[in-house]
Amino acid sequence: QVQLVESGGGLVQAGGSLRLSCAASGSFFSINAMGWYRQAPGKERELVAAITSGGSTNYADSVKGLLTISRDNAKNTVYLQMNSLKPEDTTVYYCNARVVPSRWSRSRDYWGQGTQVTVSS
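Engineer: Go over the packing of aromatic side chains with me, naming the residues and quoting the values.
Structural biologist: One pass over the structure, following the stated rule, counts one aromatic pair. Relative to W111, the ring of Y37 has its centre 5.0 Å away and its plane inclined at 70 degrees; by these criteria the two rings are edge-to-face. Of this pair, Y37 sits in strand β4 (residues 30-39) while W111 is found in strand β10 (residues 108-111), placing the two residues 74 residues apart along the sequence. Directly above the aromatic system of W111 lies the positively charged group of R45, at a separation of 4.6 Å from the ring centroid. Here R108 stacks its cationic end above the ring of Y110, 4.2 Å away from the centre of that ring.

Engineer: An account of the state of the cysteines is requested, with residue identities and associated values reported.
Structural biologist: The tally for this structure, following the rule as stated, stands at one disulfide. There is a disulfide in this structure between C22 and C95, and the S-S distance comes to 2.0 Å. The sign of the S-S torsion, about -80 degrees, decides the handedness of the disulfide formed by C22 and C95: left-handed. Taken together, the positions of C22 in strand β3 (residues 18-26) and C95 in strand β9 (residues 91-100) put the pair 73 residues apart, joining distant regions of the chain. One exposure class covers both C22 and C95, and it is buried.

Engineer: Mind laying out the nonpolar core, listing which residues take part and the relevant values?
Structural biologist: Core analysis: the biggest nonpolar cluster contains 30 residues, and W36, L80 and M82 have the highest contact counts within it. Where this core is concerned, the elements lending two or more residues are β1 (2-7), β3, β4, β5 (46-51), β7 (67-72), β8 (77-82), β9 and β11 (115-120). Setting aside its immediate chain neighbours within four residues, M82 contacts G16, S17, L18, L20, L66, L67, Y93 and V117.

Engineer: Let's hear about the pattern of salt bridges: which residues, and what values?
Structural biologist: All chains considered together, the criterion is met by four salt bridges. Between D89 and R38 there is a salt bridge whose closest N-O contact spans 3.3 Å. Remark: R38 occurs in strand β4 and D89 occurs in the loop between β8 and β9; sequence separation between them is 51 residues. R38 gets classed as buried once you look at its relative accessible area, which sits at 11%. Connected through shared salt-bridge partners, R38, E46 and D89 make up one network.

Engineer: Can you explain the sheet that holds β8? Please cite residues and give values.
Structural biologist: With respect to topology, four strands assemble into an open sheet ordered β1-β3-β8-β7, the strand pairing being antiparallel. Either end of the sheet is taken by a strand with one partner, and the two such strands are β1 and β7. Across the sheet, the axes of successive neighbouring strands diverge by a mean angle of 15 degrees, strand direction being ignored. Bridge analysis of β7 against β8 gives six bridges, and the strand direction is antiparallel. Within β8, the residue paired with S70 across the bridge is Y79.

Scoring rules and cut-offs
- Residues numbered from 1 in each chain as written.
- Predicted model: local features only at pLDDT ≥ 70, side-chain atom pairs only at ≥ 80, totals over all residues.
- Heavy atoms only, no water.
- Phe/Tyr/Trp six-rings, centres within 6.5 Å; stacked < 30°, edge-to-face > 60°.
- Helix = DSSP H or I, 4+ residues; strand = E, 2+ residues; numbered from the N terminus.
- Lys NZ or Arg CZ within 6 Å of the ring centre and 35° of its normal.
- Disulfide = S-S within 2.5 Å.
- Buried < 20%, exposed > 50% of the residue type's maximum accessible area, 1.4 Å probe, protein only.
- Core = buried A, V, L, I, M, F, W, Y, C linked by side-chain atoms within 4.5 Å.
- Contact = heavy atoms within 4.5 Å.
- Salt bridge = Lys/Arg side-chain N within 4 Å of Asp/Glu carboxyl O.
- Pairing = 2+ DSSP bridges.
- Axes fitted to C-alpha atoms, helices over the stretch in contact; angles between N-to-C directions.

Structure below.
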């Protein structure tokens, strides 16, 4: 089983910064992509940013230049540096990992429990 544990969320004033972390643990062969999603009440979960094991990144158009995703493969940890936060960034952020459980198995997605980010005006 794989567990994703997120940290770093909280309350920040508009214009401030937060750094989210997500560490994967458990038994698995490898992790392909890792990423961050967010979901506002009543809306679908949307991709914020993703990063492959090789370091290639993908960002939602709305966050380009404002957020930076990075990854420490040795620690199975992904980070999301969020700068210049706005009140509309307030929501729950979820970590995702595309995990290969064993050498001969297909990858599957795992999710963290979510971390609340609240930006006050």
